[in-house]
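Results of the structural survey
So the chains spell out like this:
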Amino acid sequence: MSTDPRADGVPLAAGYQRDHEVHPPLDYPGYRSTALRHPKRPLQLLPHMLTEVTGPVLGEGRIGETDNDLTRQHEDEPQGQRIIVHGQVRDSDGRPVPNTLIEIWQANAGGRYRHAVDNWPSPLDPNFSGVGRTLTDAQGRYRFVTIRPGAYPWGNHDNAWRPAHIHFSLFGQAFTQRLVTQMYFPGDPLFFQDPMWNSIPDEKARQRLVARFDYANTAPEWALAFEWDIVLRGRESTVFESEVDDG
Amino acid sequence: MSKGETTPSQTVGPYLHIGLPWPDGPYALAEEAEGGFWIRGTLYDGAGAPIPDGLIETWQADPEGRFDHPDDPRGAQAWPGFRGFGRCETDAEGRFGIRTLKPGPVPGLGGAMQAPHIDVSVFARGMLNRTVTRIYFPEEAEANAADPVLAAVPEPERATLIARPAEDGYVFDIRVQGKDETVFFDI
Ligand SMILES: [Fe+3]
């Protein structure tokens, strides 16, 4: 065991690595809506204690049969290019994150969301809801079948378009690992003008949001494949002292 | 893999409602369970306007201060009907509500006990990453005074972390910015 402080005879599990340098700042003028929606006072450091190193274990009973196949949720198939999106969820120490809930939502092939406030002139698809869920397997792997979403315009700046993307929500195994993000497609010509993309300070970190075209897993005469791994925060190293391979 | 190679956060955007809310999301305990109360609040932006495209998530211990999770060293123990997790999107007036049980005190660092508290994540269009705050309880003055997290928060702002009593539970408003800005944590 590590030398973690104790309270009431209860040893505390080690915290998680802080990775702020990877994430966009909450105040990012290029994305105008951040102006009134970021705290102005400095954040208070929260040590990772029991509430932070635990988290909800969700999913069993929450996943329906077609939740991981967005092309089979209606009577007919949706319009658009059928794609397989798969990958592995790991932590930053390389450990797979098994049995964790992944939720996705996305626009249809024409870039329109099935949402009351999305009313730009691109048609809805009666056979596409754009919502999926799955659990990672014992190796942290996940797989969705969906259609490739279209780009869509928005009002942030003159002639603003969002690069095609799929929204991802992950729980990991601890409150500290919670992540909501977006997956992008390789070679998208719209990255240069997208403030969401540009808000990530490090170019290498941006590239980690781009899926890899995966020819090997493309299904012949059926679907293209993209592979996208997701990396959540790992544990502070102290907890693993006793687990170091000394052999 | 080394530290720093994690996947960056992105905003939930304006269409979070199609992907994130669950019908039973606001219930951190079974809907029919006894002893539950509501924590209701409004999410406000820096101009004092309600945020209608936000989502609140809560995570907390059970009434004995335990977590049904392998990393609770006392051993996972499920409190019947209790999930510990609540999720509620904000409505057109920025309002949210979570139905839950009061958490017990939770062990902290260095021998200190933490006062009963609930961890809160706030997601919204216009937030490139979640923000995190905590809810404490007004009737726990003594435990709150000894709480190591609250103690690190300067006095005038500390009050933003303490819920107010209400008829069916508590009120906890969240002000992202401006006068009476809620205290948010670096997690
Ligand atoms: Fe989007």
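Residues numbered from 1 in each chain as written. Chains lettered and ligands numbered in written order. Predicted model: local features only at pLDDT ≥ 70, side-chain atom pairs only at ≥ 80, totals over all residues. Heavy atoms only, no water.

- The name recorded for chain B in an unreviewed UniProt entry is Protocatechuate 3,4-dioxygenase, from Streptomonospora alba.
- As its UniProt record puts it under Sequence similarities (unreviewed entry), chain B is described as follows: "Belongs to the intradiol ring-cleavage dioxygenase family." (UniProt positions renumbered as here; feature names shortened; annotations may be inferred.)

- Chain A is annotated in an unreviewed UniProt entry as Protocatechuate 3,4-dioxygenase of Streptomonospora alba.
- Recorded in UniProt for chain A, the comment headed Sequence similarities (unreviewed entry) runs: "Belongs to the intradiol ring-cleavage dioxygenase family."

Regarding the pairing of strand E6 (residues 131-135) of chain A
Residue and element names in this part refer to chain A.
- Of all five residues in E6, four are buried; the element is thus mostly enclosed.
- Inspection of the sheet shows strand E5 (residues 101-106) paired to E6 by five bridges, in the antiparallel sense. When the bridges of E6 are listed, Glu-103 appears paired with Arg-133. (Buried < 20%, exposed > 50% of the residue type's maximum accessible area, 1.4 Å probe, protein only. Helix = DSSP H or I, 4+ residues; strand = E, 2+ residues; numbered from the N terminus. Pairing = 2+ DSSP bridges.)

Quick word on the interface of chain A and chain B
- Taken together, the contacts link 91 residues of chain A with 78 residues of chain B.
- Summed over both sides, the interface between chain A and chain B buries roughly 7,200 Å², with carbon and sulfur atoms accounting for 61% of that surface.
- It is Arg-37, Gln-44 and Phe-175 of chain A that lose the most area in chain A upon contact with chain B, and together they represent 12% of the buried surface on that side.
- We note a salt bridge from Asp-71 of chain B to Arg-235 of chain A, for which the minimum N-O separation is 2.7 Å.
- Bridge count between strand E3 (residues 44-45) of chain A and strand E12 (residues 185-186) of chain B: two bridges; the pairing is parallel. Paired with Leu-45 of chain A across the strands is Asp-186 of chain B, a residue of E12 of chain B. (Contact = heavy atoms within 4.5 Å. Buried area = accessible area lost by both parts, 1.4 Å probe. Salt bridge = Lys/Arg side-chain N within 4 Å of Asp/Glu carboxyl O.)

Overview of the packing of aromatic side chains
- Applying the stated rule across the entire model yields 22 aromatic pairs over all chains.
- Pairing Tyr-31 of chain A with Trp-154 of chain A gives two aromatic rings, centres 5.7 Å apart and planes at 65°, and the pair type is edge-to-face. You can see Tyr-31 of chain A sitting in the loop between strand E2 (10-11) and E3 and its partner Trp-154 of chain A sitting in strand E8 (residues 152-154), a full 123 residues away along the chain.
- For Trp-154 of chain A, a relative accessible area of 21% puts it in the partly exposed group.
- A ring pair is formed by Phe-144 of chain A and Phe-168 of chain A, whose centres lie 6.3 Å apart and whose planes are at 85°; its orientation type is edge-to-face. Here the residue Phe-144 of chain A occupies a position in strand E7 (residues 141-147), and Phe-168 of chain A occupies one in strand E10 (residues 165-170), the gap between them amounting to 24 residues.
- The exposure class assigned to Phe-168 of chain A is buried, which follows from its relative accessible area of 0%.
- Here the aromatic cluster, defined as three or more aromatic residues joined through ring pairs, consists of Tyr-142, Phe-144, Phe-168 and Trp-228 of chain A.
- Above the face of the Trp-22 of chain B ring, Arg-87 of chain B is positioned so that its terminal group lies 4.5 Å from the ring centre. (Phe/Tyr/Trp six-rings, centres within 6.5 Å; stacked < 30°, edge-to-face > 60°. Lys NZ or Arg CZ within 6 Å of the ring centre and 35° of its normal.)

Quick look at empty space enclosed by the protein
- Throughout the structure, instances matching the rule amount to two cavities of 30 Å³ or more.
- When its volume is computed, the largest cavity comes out at roughly 50 Å³.
- As for the largest cavity, its lining consists of Pro-56, Phe-171, Ala-174, Phe-175 and Arg-178 of chain A together with Glu-57, Trp-59, Phe-85 and Ser-121 of chain B.
- Here the residues of the lining of the largest cavity sort into six nonpolar, one polar and two charged.
- Estimated volume of the second largest cavity: approximately 40 Å³.
- Taken together, Gln-106, Asn-108, Arg-112, Tyr-113, Arg-114, Leu-124, Asp-125, Phe-128, Ser-129 and Gly-130 of chain A form the lining of the second largest cavity.
- Of the residues that constitute the lining of the second largest cavity, the class distribution is three nonpolar, four polar and three charged. (1 Å grid on protein atoms, 1.4 Å probe; cavity = no way out; pocket = protein on both sides within 12 Å on 5 of 7 lines; lining within 4 Å. Points joined across faces, edges and corners; volume = space filled by probe spheres on them. Nonpolar A, V, L, I, M, F, W, Y, C, P; charged D, E, K, R; others polar.)

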